[in-house]
Amino acid sequence: MSLGYAEKLSFIEDVGQVGMAEFFDSSHVLQCKIEELAKMIQKSKHLVVFTGAGISTSCGIPDFRGPKGIWTLQREGKDLPKASLPFHRAMPSMTHMALVELEKAGILKFVISQNVDGLHLRSGIPREKLSELHGDSFMEMCPSCGAEYLRDFEVETIGLKETSRKCSNAKCGAKLKDTVLDWEDALPPKEIDPAEKHCKMADLVLCLGTSLQITPACNLPLKCLRGGGKIVIVNLQKTPKDKKADVVIHGFVDKVVAGVMETLNMQIPPYVRIDLFQIILNQSLSRDERYINWTLRVASVHGLTSQLPFIESVEVSFSDNHNFKDAVLDEQPFIIKRRTTETETFDIFLKINYSEGCDCLSTKITIPFKYEVSTEEHEEETIDKEAVLQSLREKAVEESSCGQSGVVERRFVSEPRSETIVYATVTNLRTFHCQQSVLANGDLKWKMEGSGTTSRKRSRTGKRKPRA
């Protein structure tokens, strides 16, 4: 999990059992259990998946209680683990994407997550089919109208505190709050209620990568038992709920899930990350009306004061018919100001250089400059945003590369003259391949490849406390 998130949590002495031993089923036993789980999923009418930090460790995000977990190392007085890439650039794992395919196929009905990394939403799990019990480090919500805002940056606070932004609903405008719970915060009904409902309906609850130590969250899977449902636990450590499970699998979650998908003859879809930024060009006549003063800004779609975490710098140059000096904008906000005559036309060339964690180095964009007086107060070009996004995804997969970009929104304001263009750009691509091979002793070995860049008690109405 995010080291920043762990540091923001209130101090508490007892964080549950940490540093537990890991167990691995033999390859033969593992394969038998994978096949058994695949059959259970195939027969299931209402599959619910319950996830923990163990599904995100392969994304470069440290867990809490494993041998090298954050709290384990803290208790041992050791240095905390180093994240392999910035938290906001973490990409969904093979397991995350397999769940997306199961949901699209109508097999997976609901996902319950204890994680705050936001990777289920980024992977493509519909919000209405997801409960993020402990919140989302990249989500802000409006306490007044209930609107949610998924960000490309980690929200600066936790504990349901007010942030520095406001609701963009013109009829609301209330101050936003973060969604991540601190130890003293109760589980929000918006998340716990549908989670309970689906667990009661489930004929199979699949627990992936969780030590099942946080209550009441860890008791949710048990709610399927009264209706005759079954529980399967996939985790490297033993859990307090193992005795309640029909099958307990000790193995890496990605390996188990890849085996299940292969047995079900289902493909794991690629992950294509698309980020948004806006280019704002403002133009105004000088006081003597002899010149056009213009300002170009590359900004976040989340507001002019928000940072663009995935952009390192912007290089600006101009067409040959102009003598403007080129510029390199390497500090945010990315703004350049110039002056020209009213009749001049030229092109502005932008090279958007991406930061660490992005697969592509840069994207090039051309902005035509021409001063025009519009007769309309406000104009907005109609663009099918979803069609553009889908085209970008398909092109990235087809070309096995990223860096593609497209316009998803364009707005004009006549006075003072302003043009805003929102660009979508493919910044990461990861594909997954699973191959089964037979070892000399007859056991099966899984080869998994991913291409691309790289316990507590929490009462429903009260506080989070250590598990007894």
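Since we're looking at a predicted model, the values are computed, not measured. (Residues numbered from 1 in each chain as written. Predicted model: local features only at pLDDT ≥ 70, side-chain atom pairs only at ≥ 80, totals over all residues. Heavy atoms only, no water.)

## Here we look at the overall build of the protein chain
- The helix and strand tally for the protein chain stands at eight helices and 23 strands.
- Accessible surface computed for the protein chain: about 22100 Å², of which carbon and sulfur atoms make up 48%. (Helix = DSSP H or I, 4+ residues; strand = E, 2+ residues; numbered from the N terminus. Areas by Shrake-Rupley, 256 points an atom, 1.4 Å probe, with all protein chains shown as cover.)

## Focus on the side chain of D25
- Within the fold, D25 resides in the loop between α1 (3-8) and α2 (27-43).
- Residues contacting D25, with those up to four places away along its chain left out, are L30, K33, V248, I249 and H250. (Contact = heavy atoms within 4.5 Å.)

## Description of the environment of I233
- By the element assignment, I233 lies in strand β9 (residues 230-234).
- Judged by its relative accessible area of 1%, I233 falls in the buried class.
- As a C-alpha pair, I233 and L212 span 21 residues in sequence and 9.6 Å in three-dimensional space.
- Other than its neighbours up to four places away in sequence, I233 contacts C207, L212, T239, K241, D242, A245, V247, V248 and I249. (Buried < 20%, exposed > 50% of the residue type's maximum accessible area, 1.4 Å probe, protein only.)

## Quick notes on the layout of surface pockets
- By volume, the largest pocket is sized at about 1000 Å³.
- Elements with a contribution of two residues or more to the lining of the largest pocket: α4 (94-104), α5 (119-123), β11 (271-285), α8 (385-399) and β19 (405-413).
- For the lining of the largest pocket, a count of residues per class yields 14 nonpolar, five polar and 12 charged. (1 Å grid on protein atoms, 1.4 Å probe; cavity = no way out; pocket = protein on both sides within 12 Å on 5 of 7 lines; lining within 4 Å. Points joined across faces, edges and corners; volume = space filled by probe spheres on them. Nonpolar A, V, L, I, M, F, W, Y, C, P; charged D, E, K, R; others polar.)

## Side note on α8
- When the terminal C-alpha atoms of α8 are compared, their 21 Å separation across 15 residues agrees well with the 21 Å that a helix rising 1.5 Å per residue should span.
- Taken together, the buried positions of α8 are occupied by V388, L389, L392 and A396. The arc that holds every buried residue of α8, seen down its axis, measures 100 degrees, which confines them to one face. Exposed and facing more than 90 degrees away from the buried side of α8 are E386 and E398. (Expected span 1.5 Å × (residues − 1). Arc of directions from axis to C-beta.)

## Some remarks on empty space enclosed by the protein
- The volume enclosed by the largest cavity comes to roughly 60 Å³.
- Around the largest cavity sit L37, I41, L99, L102, L206, V257, V260 and M261, which together line it.
- Per-element accounting of the lining of the largest cavity gives the leading share, three residues, to helix α7 (residues 253-263).
- Per-class residue counts for the lining of the largest cavity are eight nonpolar, no polar and no charged.

## Comments concerning α4
- Buried residues dominate α4, accounting for nine of its 11 residues.
- Every buried residue of α4 is accounted for by M94, T95, H96, M97, A98, L99, V100, L102 and E103.
- Once α4 ends, the next one or two residues include G106, with phi positive near 85 degrees.

## Quick notes on unusual backbone geometry
- Cis rather than trans, the peptide bond between T215 and P216 has omega equal to 5 degrees.
- By secondary structure assignment, the location of P216 is in the loop between β8 (204-208) and β9.
- Between Q332 and P333 the backbone carries a cis peptide bond, its omega angle lying at 5 degrees.
- Within the element layout of this structure, P333 appears in the loop between β14 (327-329) and β15 (334-341).

## Considerations on the nonpolar core
- Counting residues in each nonpolar core, the largest one holds 43 residues, and the members touching the most others are F277, W294, V298, I311, I348 and L350.
- Per element, the largest residue contribution to this core is six residues, and it comes from strand β20 (residues 417-438).
- In this structure, I311 is in contact with F277, V298, Q332, F334, I352, N353, Y354 and S355, ignoring residues within four places of it in sequence.
- Counting 40 residues, the second largest nonpolar core, distinct from the first, contains M91, L204, V256 and A258. (Core = buried A, V, L, I, M, F, W, Y, C linked by side-chain atoms within 4.5 Å.)

## Focus: the sheet that holds β14
- Spatially, β14-β13-β16-β17 is the arrangement adopted by the four strands of the open sheet, whose pairing is antiparallel. Each edge of the sheet is formed by a strand with only one pairing partner; in this case those strands are β14 and β17 (362-370). The average angle at which neighbouring strand axes cross in this sheet is 20 degrees, direction not considered.
- Where strand β13 (residues 311-318) and strand β16 (residues 345-354) come together, seven bridges link them in antiparallel fashion. Residue pairing for β16: I311 is matched across the bridge by Y354. (Pairing = 2+ DSSP bridges. Axes fitted to C-alpha atoms, helices over the stretch in contact; angles between N-to-C directions.)

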